[in-house]
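Coordinate inspection notes
Given next are the chains, with one letter for each unit.
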Amino acid sequence: ETLPRTIRALADAGKPWVLDPVGIGLGSLRTELLRQMKAMPPAIVRGNASEIIALANLWGLATGIDKDGVRGVDAMDSAVMAARALAGFIHGAVAVSGEVDVVTDGDVVIRSYGGSPLFTRVTGSGCSLGGVCAVYAAVTDPFAAAITAVNMYNAAGKIAEKKAR
């Protein structure tokens, strides 16, 4: 009950919010909550390739991708199509995390090279990137917020990797 109420309050106040559809498809409650969010979409969606594809399919957006999605090398290319569809629908930005991160507003697609391979070994690194997106979304438009968040996060990851043992 809390999530729909919070989203409604943010929408009523004209405040941006960030959606990370982590674990989409795991359980009917999570799926139904994500389905409901289509009516009051976020300013930014942040997820990995499979999450972005799954959310676009759940929301019935035209992506040209089979609802079962794809895996491996083709996943990022398909995720870009899904991300563009999502960004256009929400009139915001989508950030797709991967070896090369992608940020789009539906028209422009930016690839961000960098980050750290250690991100894949740290639980919650994608989720915390969503939080960084939210911080920037509070002070600028969704596309600029997502690009800045991804690039700053990747730069911080490189610094942390050098110091990690």
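Look a little higher up for the structure.
**Quick word on the layout of surface pockets**
- Volume-wise, the largest pocket comes out at about 490 Å³.
- When residues of the lining of the largest pocket are traced back to their parent elements, those giving at least two are strand E2 (44-48), helix H5 (125-137) and helix H6 (142-163).
- Element by element, the count of residues in the lining of the largest pocket is highest for H5, at four residues.
- Tallied by class, residues from the lining of the largest pocket come to seven nonpolar, twelve polar and five charged.
- Of the voids in this model, the second largest pocket is the one considered here, and its volume is about 240 Å³.
- Leu3, Leu19, Asp20, Leu34 and Met37 are, among the 14 residues lining the second largest pocket, the residues nearest its centre.

**With respect to the sheet that holds strand E5 (residues 109-113)**
- Reading across the sheet, the five strands line up as E1-E2-E3-E4-E5 and stay open at both edges, with mixed pairing between neighbours. Edge positions in the open sheet fall to strand E1 (18-19) and E5, since each of these has one partner strand only.
- Relative to E5, strand E4 (residues 100-104) runs antiparallel, the two being bridged by five bridges. Within E5, the position partnered with Val100 by the bridge is Tyr113.
- Along the sheet, H5 makes contact with E1, E2 and strand E3 (93-97), crossing E2 at roughly 165 degrees.

**With respect to the environment of Ala144**
- Tracing the chain through its elements places Ala144 in helix H6.
- When the C-alpha positions of Ala144 and Cys133 are compared, they lie 9.6 Å apart, and in sequence the two are eleven residues distant.

**Let's talk about the packing of H5 against H6**
- At a closest axis distance of 8 Å, the pairing of H5 and H6 adopts a crossing angle of 135 degrees. As far as their axial angle goes, H6 and H5 are oblique. For H5 against H6, the interelement crossing comes out right-handed. Residue-level contacts link Ser125, Ser128, Leu129, Val132, Cys133, Tyr136 and Ala137 of H5 to Ala145, Ala146, Thr148, Ala149, Val150, Met152 and Tyr153 of H6.
- For the contact of H5 with H6, the per-class residue count stands at eleven nonpolar, three polar and no charged.

**Section: the pairing of E3**
- Taken across its five residues, E3 has five buried, putting it largely inside the fold.
- In the sheet, E2 pairs with E3 via five bridges, with the strands oriented parallel. Considered in E3, the bridge of Gly47 is made with Val96.
- Pairing between E3 and E4: three bridges, direction antiparallel. Directly across from Val94, in E4, lies its bridge partner Thr104.
- Turn length for the E3-E4 hairpin, with the two strands adjacent in sequence and antiparallel, is two residues.

Rules used throughout
Residue numbers restart at each chain and count upward from 1, following the sequence in its written direction. Where local features are concerned, this predicted model is filtered to residues with pLDDT of at least 70; where side-chain atom pairs are given and counted, the filter is 80 or more; whole-chain, interface and lining totals use all residues. In computing side-chain values, all of the structure's heavy atoms are included and hydrogens and water are not. Using a 1 Å grid laid over the protein atoms alone, points where a 1.4 Å probe fits but cannot get out form a cavity; open sets with protein on both sides within 12 Å along at least 5 of 7 lines form a pocket; any residue with an atom within 4 Å of a point counts as lining. Grid points are joined across faces, edges and corners, and a volume is the space filled by probe spheres set on the points. For the purposes of this entry, the term helix denotes a DSSP run of H or I that reaches at least four residues, the term strand denotes a run of E that reaches at least two, and both are numbered from the N terminus. For this classification, Asp, Glu, Lys and Arg are treated as charged, while Ala, Val, Leu, Ile, Met, Phe, Trp, Tyr, Cys and Pro are nonpolar and the rest, including Gly, are polar. A pair of strands is treated as paired once DSSP finds two or more bridges between them. By the convention used here, residues are in contact when the closest approach between their heavy atoms is within 4.5 Å. Axes here refer to lines fitted to C-alpha atoms; in helices the fit is confined to the stretch in contact. Angles between the N-to-C directions go from 0 to 180 degrees. An angle below 35 degrees is treated as roughly parallel, one above 145 as roughly antiparallel, one from 65 to 115 as roughly perpendicular, and anything else as oblique. Crossings are assigned a handedness: left-handed for a near helix turned anticlockwise from the far helix by less than a right angle, right-handed for a clockwise turn. Exposure classes here rest on a 1.4 Å probe applied to the protein chains alone. A residue is buried below 20% of its type maximum, exposed above 50%, and partly exposed in between.

That's the geometry; what it means functionally is another story.
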